[in-house]
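Letter by letter, the chains look like this.
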Amino acid sequence: LLLPHGYEGQGPDHSSARIERFLQLCAQDNMTVVYPTTTANYFHLLRWHVKSDRRKPLVIFTPKSLLRHKGAAARISEITEGAFLPVIPERGDIDPAGVRRVLITTGKIYYDVVAARDAKKAADTAVIRLERLYPLPVGELKAELAKYPADAELVLVQDEPANQGAWPYLALTLPRFLDGRTLRRISRPASSSPAVGSAKLHALEQEALLQQIFPG
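So, here is what we can say about the structure in this document. (Residues numbered from 1 in each chain as written. Predicted model: local features only at pLDDT ≥ 70, side-chain atom pairs only at ≥ 80, totals over all residues. Heavy atoms only, no water.)

**Concerning the overall build of the protein chain**
Line of reasoning, step 1. Per the secondary structure count, the protein chain includes 8 helices and 9 strands.
Line of reasoning, step 2. Rg of the C-alpha trace for the protein chain: 17 Å, near the compact-globule value of 17 Å for 216 residues, within the 12% margin.
Line of reasoning, step 3. Seen along its three principal axes, the alpha-carbon backbone of the protein chain occupies a region of about 50 × 45 × 35 Å.
Line of reasoning, step 4. For the protein chain, the proportion of its 216 residues judged to be buried stands at 51%. (Helix = DSSP H or I, 4+ residues; strand = E, 2+ residues; numbered from the N terminus. Rg over C-alpha atoms; globule rule 2.2 N^0.38 Å. Buried < 20%, exposed > 50% of the residue type's maximum accessible area, 1.4 Å probe, protein only.)

Below is the structure:
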């Protein structure tokens, strides 16, 4: 099931494929829910789905803007080699020992967050991507978090309002795997609508969201 999903300033119907509702249905290993951010990961996901013995429904959320985003493009070697990554690690040149905050992102907001971090030269912030939302890749996520200091702040960043997207599910599920560490959220405020109907207001919301991550 391939569902367009992306906060791109085009209004409520364009924006949301209702991630939160699909995750509400997830239990007893009954499906796979994925929100890929690169063409290579998408390719390897489809290949895995065909070749694996896992005969479960596959739900994929896909932002339209990533069809033309240069950062999402893959090299040929990334297609001919490798495999699907449930968690994509930090790709920047950052010293893990100096990290004071780890941002866990879902979906296309990763690219906005990294651009803002680079502009601020915030070398104390690592950004990792949670590509598979269900089944939750606990082992892979814990392995990535283990690269950074145990007292680094953990923050889930999403485009969607607080009552939508992956956060409601992750807030209930993820903390028990974090060894007592607190997981904070940065997102749009809770809303009765999936998104605003004004491109200008959308841009202001997106700017305010990034401002929460990198103030000043």
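**Digging into the pairing of strand 9 (residues 183-188)**
Line of reasoning, step 1. With 5 bridges joining them, strand 8 (residues 153-161) and strand 9 adopt parallel strand pairing. Residue pairing across strands places P161 opposite R188, the latter belonging to strand 9.
Line of reasoning, step 2. For the crossover from strand 8 across helix 7 (residues 167-173) to strand 9, the handedness is right-handed. (Pairing = 2+ DSSP bridges. Right-handed = clockwise from strand over helix to strand, strands pointing away.)

**With respect to the sheet that holds strand 3 (residues 58-62)**
Line of reasoning, step 1. With mixed pairing, the 4 strands of this open sheet are ordered in space as 1-3-2-7. Strands with a single pairing partner mark the edges of an open sheet, and in this sheet they are strand 1 (2-4) and strand 7 (132-134). Across this sheet, the average inter-strand angle for adjacent strands is 25°, counted without regard to direction.
Line of reasoning, step 2. Direction of pairing for strand 2 (residues 32-34) relative to strand 3: parallel, over a ladder of 3 bridges. By the bridge assignment, T32 is partnered in strand 3 with L58. (Axes fitted to C-alpha atoms, helices over the stretch in contact; angles between N-to-C directions.)

**Observations concerning the nonpolar core**
Line of reasoning, step 1. Counting 36 residues, the largest nonpolar core has L23, V33, F61, V102, L133 and L183 as its most contacted members.
Line of reasoning, step 2. Elements represented by at least two residues in this core include exactly helix 2 (19-24), strand 3, strand 5 (101-105), strand 6 (125-130), strand 7, helix 6 (138-145), strand 8 and helix 7.
Line of reasoning, step 3. When neighbours within four sequence positions are excluded, L133 is seen to be in contact with I19, L23, V33, Y35, T106, A166 and Y169.
Line of reasoning, step 4. Within the second largest apolar cluster, 18 residues are counted, among which are L66, Y110, V127 and F214. (Core = buried A, V, L, I, M, F, W, Y, C linked by side-chain atoms within 4.5 Å. Contact = heavy atoms within 4.5 Å.)

**A look at the packing of helix 5 (residues 109-120) against helix 8 (residues 199-213)**
Line of reasoning, step 1. Where helix 5 meets helix 8, the axes come as close as 10 Å, and the angle between the chain directions of the two elements is 55°. Between helix 5 and helix 8, the interaxial angle falls into the category oblique. Like other packed secondary-structure pairs, helix 5 and helix 8 cross with a definite hand, here right-handed. Contacts from I109, D112 and V113 in helix 5 reach Q206, L209, L210 and I213 in helix 8.
Line of reasoning, step 2. The residue makeup of the contact of helix 5 with helix 8, split by class, is 5 nonpolar, 1 polar and 1 charged. (Parallel < 35°, antiparallel > 145°, perpendicular 65-115°, else oblique. Left-handed = near helix turned anticlockwise from the far one by under 90°. Nonpolar A, V, L, I, M, F, W, Y, C, P; charged D, E, K, R; others polar.)

**Considering the packing of aromatic side chains**
Line of reasoning, step 1. Counted according to the given criterion, the structure contains 4 aromatic pairs.
Line of reasoning, step 2. The interplanar angle of 75° and the centroid separation of 6.3 Å between the aromatic rings of Y134 and Y169 together place this pair among those described as edge-to-face. A residue pair is termed long-range when its members are at least 10 positions apart, and Y134 in strand 7 and Y169 in helix 7 qualify at 35 residues. Here Y134 matches Y169 in class, with each residue buried.
Line of reasoning, step 3. Among the aromatic residues, those joined into a ring-pair cluster are F22, Y35 and F61.
Line of reasoning, step 4. The positively charged end of R129 is found above the aromatic ring belonging to Y110, 3.7 Å away from the centroid. (Phe/Tyr/Trp six-rings, centres within 6.5 Å; stacked < 30°, edge-to-face > 60°. Lys NZ or Arg CZ within 6 Å of the ring centre and 35° of its normal.)

**Let's talk about the sheet that holds strand 4 (residues 87-88)**
Line of reasoning, step 1. Strand order in the open sheet made by the 5 strands is 4-6-5-8-9, with mixed pairing throughout. The open sheet has two edge strands with one neighbour each: strand 4 and strand 9.
Line of reasoning, step 2. Strand contacts of helix 8: strand 5, strand 8 and strand 9, with the helix running at about 160° to strand 9, the strand carrying the most contacts.

**Observations concerning the pattern of salt bridges**
Line of reasoning, step 1. This model, assessed by the stated rule, comprises 13 salt bridges.
Line of reasoning, step 2. Where R184 meets E153, a salt bridge forms, and the shortest distance between an N and an O atom there is 2.7 Å. Here the residue R184 occupies a position in strand 9, and E153 occupies one in strand 8, the gap between them amounting to 31 residues.
Line of reasoning, step 3. With relative accessibility at 35%, the residue R184 sits in the partly exposed group. (Salt bridge = Lys/Arg side-chain N within 4 Å of Asp/Glu carboxyl O.)

**Thoughts on the side chain of T32**
Line of reasoning, step 1. Tracing the backbone shows T32 in strand 2.
Line of reasoning, step 2. Setting aside anything within four residues of it in sequence, one finds T32 in contact with W48, R54, P57, L58, V59, R132, Y134 and P135.

Structural measurements only, silent on function.
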